[in-house]
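Here are the chains, one letter per residue:
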There are 2 protein chains.
Amino acid sequence: MSESLPTIAVVGGTGNLGAALARRLGAAGRKVLIGSRDRERAKAAAALLGHDIGYGSNAEVAAAADVIIVAVPFASQRATLQDIAACVAGKIVVDTTVPLMPPKVMRVQLPPEGCAALIAQQVLGVGVRVVSAFHNVAAHKLATDETVDCDVLVFGDDRKAREVVIALADACGLRGLHGGVLANSAAAEALTSIMIFINKTYAVDGAGMRITGSLVPPAAS
Amino acid sequence: MSESLPTIAVVGGTGNLGAALARRLGAAGRKVLIGSRDRERAKAAAALLGHDIGYGSNAEVAAAADVIIVAVPFASQRATLQDIAACVAGKIVVDTTVPLMPPKVMRVQLPPEGCAALIAQQVLGVGVRVVSAFHNVAAHKLATDETVDCDVLVFGDDRKAREVVIALADACGLRGLHGGVLANSAAAEALTSIMIFINKTYAVDGAGMRITGSLVPPAAS
């Protein structure tokens with residue numbers, strides 16, 4: 001990755017979360033490309049989002065970027081990662097997958113691997129710096145210009161890679177926080193089912209999560 | 001359980017979390033008994049806590065109470081629950097166990113059963129209403145008279161039992177929230193390792209967790 005700001009690909013960039021992240025990152029002046037299995041859908045979505053956002057197939061944008069955000073449903077996670085695996089060696093892949101298993105999306109159902117982030121690492125192999133984040137953000141709120149009252153827990157075994165993703169969360173107007181090793185992603189992935197339950201039980205339009213206390217940001221590594 | 005306020009036992013009541021909960025509940029006018037494997041230790045702890053808190057062995061206080069809070073380390077959970085199992089049929093047992101496995105307490109390590117709360121249900125059997133809660137509260141903060149800036153996610157398959165425990169959290173000056181089925185406890189249990197990591201990484205004296213959004217409390221069931 002060059003010293004300048006990394007180019008960011010959003011694989012699954014036509015979905016709710018992917019499009020919202022692409023738009024916020026584009027608005028923050030980041031170079032963003034959105035990908036889709038269907039190149040034409042990516043083109044149409046990029047045109048709608050504005051901010052000079054580029055587009056391509058998932059593999060094309062992954063190949064062209066330094067940091068690749070993957071925002072697809074759990075059922076598509078494995079196939080999507082296999083599709084881009086050849087294009088991401090040595091790069092940072094940000095997996096946002098939450099292992100929701102419809103119809104019981106209000107029930108925590110972590111996969112046998114422990115969490116979706118560990119599946120991503122397994123599929124991509126050790127040569128890829130997998131980070132996971134953005135599990136608890138309400139996509140429809142992120143799609144607006146409003147402040148989203150939610151912290152972003154960022155997990156990964158490589159601290160420098162986490163720092164890059166924390167900067168992306170911050171660029172989106174969120175607060176990114178180190179959450180520890182990749183296996184810890186289970187906490188944020190599981191929390192999403194609790195959020196959906198709380199939205200329904202307490203009639204909330206997109207609950208969020210904040211860590212409380214006087215946090216002193218650590219020095220960059 | 002009678003219509004009046006339930007009597008509460010805190011099994012493992014001489015530990016940090018148990019003692020802090022007992023003190024806050026006692027201060028709120030609840031009838032509280034603290035238990036320990038060692039009856040004499042329970043007696044000494046009760047005297048220190050004040051508020052007319054009673055004491056006994058774990059099994060004695062479990063037998064005498066309507067609601068039993070279990071606050072022991074993960075390594076002692078199973079044996080403690082077996083010790084009180086005969087005394088809690090038909091009652092509400094509030095498991096607070098976090099499956100921390102020293103020395104790697106900053107790494108999420110959920111048990112094969114899914115979470116500690118499901119282990120509790122397994123040990124106690126279906127005749128006991130198991131609820132889990134209080135996983136994310138910093139015990140040393142709860143031990144003071146200060147406001148603790150943390151929500152309490154309450155899990156259980158029986159909604160009325162969750163409501164009883166939410167009322168206990170509220171009595172402790174915390175905000176209790178329905179978190180859904182017992183299996184969802186995995187989210188809050190896992191989050192504790194994240195909190196410990198954040199305390200260390202961001203030099204926080206006891207981070208907490210808040211759910212954001214305009215929550216409308218549901219009507220009591």
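Within each chain, residues carry numbers counting from 1 in the order of the written sequence. Both sets of labels track the order of writing: A upward for chains, 1 upward for ligands. Predicted model: local features are reported for residues with pLDDT of at least 70 only, side-chain atom pairs are reported and counted for 80 or more only, and whole-chain, interface and lining totals are derived from all residues.

1. Side note on helix α1 (residues 16-27) of chain A
Residues and elements named next belong to chain A.
Right, on to step 1. Helix and strand labels come from DSSP, where a helix needs a run of H or I of at least four residues and a strand needs a run of E of at least two; each type is numbered from the N terminus. Multiplying 1.5 Å by the helix residue count minus one yields the expected span of that helix. In a regular helix each residue adds 1.5 Å, so 12 residues correspond to 16 Å; α1 covers 17 Å between its end C-alpha atoms and thus fits that length.
Right, on to step 2. Using C-beta atoms placed from the backbone, we call a residue buried if 20 or more other C-beta atoms fall within 10 Å of its own, exposed if 12 or fewer do, and partly exposed for counts in between. Among the 12 residues of α1, 10 are classified as buried, and the element is accordingly described as predominantly covered.
Right, on to step 3. Looking at α1, one finds that the buried residues are L17, G18, A19, A20, L21, A22, R23, R24, L25 and G26.
Right, on to step 4. Two residues qualify as a contact pair if the distance between their C-beta atoms, derived from the backbone, is within 7 Å. Residues of α1 that are buried sit in contact with β1 (8-11), β2 (32-36), α2 (39-49), β4 (67-70), α6 (139-142) and α7 (159-171).
Right, on to step 5. G29 occupies a position one or two residues after α1 and carries a positive phi of about 90°.

2. Considerations on the sheet that holds strand β7 (residues 151-156) of chain B
Residue and element names in this part refer to chain B.
Right, on to step 1. When DSSP locates at least two bridges between a pair of strands, those strands are taken to pair. Taking strand neighbours across the sheet as the criterion, the eight strands line up as β3-β2-β1-β4-β5-β6-β7-β8 in an open arrangement whose pairing is mixed. Each end of this open sheet is capped by a strand with a single partner; those strands are β3 (54-57) and β8 (175-180). With direction set aside, neighbouring strand axes in the sheet form an average angle of 25°.
Right, on to step 2. By the bridge criterion, four bridges tie strand β2 (residues 32-36) to β3 in an arrangement that is parallel. Directly across from S36, in β3, lies its bridge partner S57. Helix axes are fitted only over the stretch in contact, all axes being lines through C-alpha atoms; the angle between N-to-C directions runs from 0 to 180 degrees.

3. Quick notes on helix α4 (residues 74-84) of chain A
Residue and element names in this part refer to chain A.
Right, on to step 1. Inspection of α4 places Q77, T80, L81 and I84 among the buried residues, and these make up the whole buried set. Looking down the long axis of α4, one finds its buried residues gathered within 100° of arc, a one-sided arrangement. Facing away from the buried side of α4, by more than 90 degrees, are the exposed residues A79 and Q82.
Right, on to step 2. Packing partners of the buried residues in α4 comprise β1, α3 (58-64), β4 and α5 (116-124). Each C-beta atom gives one direction from the helix axis, and the arc is the one those directions make.

4. Some thoughts on the interface of chain A and chain B
Right, on to step 1. Counting from both sides, the interface comprises 39 residues of chain A and, opposite them, 39 residues of chain B.
Right, on to step 2. Looking at the side of chain A that touches chain B, the elements with two or more residues in it are β8 (175-180), α8 (185-201) and β9 (208-212) of chain A.
Right, on to step 3. Element by element, the count of residues in the side of chain A that touches chain B is highest for α8 of chain A, at nine residues.
Right, on to step 4. Looking at side-chain class alone, the side of chain A that touches chain B contains 25 nonpolar, 11 polar and three charged residues.
Right, on to step 5. Relative to strand β9 (residues 208-212) of chain B, β9 of chain A is paired through five bridges, and the arrangement is antiparallel. Counterpart to G208 of chain A in the pairing with β9 of chain B is T212 of chain B. Ten residue types, Ala, Val, Leu, Ile, Met, Phe, Trp, Tyr, Cys and Pro, are classed as nonpolar, four, Asp, Glu, Lys and Arg, as charged, and the remainder, Gly among them, as polar.

5. Section: the confidence of the model for chain A
Right, on to step 1. pLDDT is defined as a per-residue confidence score from the predictor, taking values between 0 and 100. Taken over all residues, the pLDDT of chain A has a mean of 96, while the share at 70 or more is 99%.
Right, on to step 2. Predicted complex, confidence summary: ipTM 0.96, pTM 0.96.

6. Let's talk about the environment of L174 of chain A
All names here are of chain A.
Right, on to step 1. With respect to the helices, strands and loops of the structure, L174 is situated in the loop between α7 and β8.
Right, on to step 2. With 24 C-beta atoms counted inside 10 Å, the residue L174 sits in the buried group.
Right, on to step 3. Placed 25 residues apart in sequence, L174 and D149 show a C-alpha to C-alpha distance of 7.7 Å.
Right, on to step 4. The residues contacting L174, other than those within four sequence positions of it, are V137, V148, C150, V152 and A169.

7. Some thoughts on the relation of the copies chain A and chain B
Right, on to step 1. Here the copies are matched by least squares. The fit uses the C-alpha atoms of residues with pLDDT of at least 70 in both. At an RMSD of 0.0 Å, chain A and chain B line up after a rotation of 180° and a shift of 0.0 Å along the axis. On the angle and the small slide along the axis, the relation comes out as a two-fold axis.
Right, on to step 2. When the interface residues of chain A are mapped onto chain B, 100% of them are again interface residues, pointing to one common binding face.

8. Details of the sheet that holds strand β7 (residues 151-156) of chain A
Residue and element names in this part refer to chain A.
Right, on to step 1. Ordered in space as β3-β2-β1-β4-β5-β6-β7-β8, the eight strands form an open sheet in which the pairing is mixed. Two strands lie at the open edges of the sheet, namely β3 (54-57) and β8, each paired on one side alone. This sheet shows a mean twist of 25° between the axes of neighbouring strands, independent of strand direction.
Right, on to step 2. The pairing of strand β5 (residues 92-95) with strand β6 (residues 129-132) spans four bridges and is parallel. Bridged to D95 within β6 is S132.
Right, on to step 3. This element, α1, spans β1, β2 and β4 of the sheet and lies at about 165° to β2.

9. Topic: the environment of G176 of chain B
Residues and elements named next belong to chain B.
Right, on to step 1. Examined against the element boundaries, G176 turns out to sit in strand β8.
Right, on to step 2. You can call G176 buried: it has 22 C-beta atoms within 10 Å.
Right, on to step 3. When the C-alpha atoms of G176 and E163 are compared, they prove to be 8.8 Å apart, with 13 residues separating the residues in sequence.

10. Details of the packing of α4 of chain A against α5 of chain A
Residues and elements named next belong to chain A.
Right, on to step 1. Between α4 and α5, the shortest axis-to-axis distance is 9 Å and the interhelical angle comes to 20°. Of the possible angle classes, the one that applies to α4 and α5 is roughly parallel. Of the two possible hands of crossing, α4 and α5 adopt the one that is right-handed. Taken together, the residues of α5 that come into contact with α4 (itself represented by F74, Q77, R78, L81 and Q82) are A116, I119, A120, V123 and L124.
Right, on to step 2. Broken down by class, the residue content of the contact of α4 with α5 amounts to seven nonpolar, two polar and one charged. Angles are sorted into four bins: roughly parallel if under 35 degrees, roughly antiparallel if over 145, roughly perpendicular if 65 to 115, and oblique for all others. Throughout, a crossing is termed right-handed when the near helix is turned clockwise from the far one, and left-handed when it is turned anticlockwise from it by less than a right angle.

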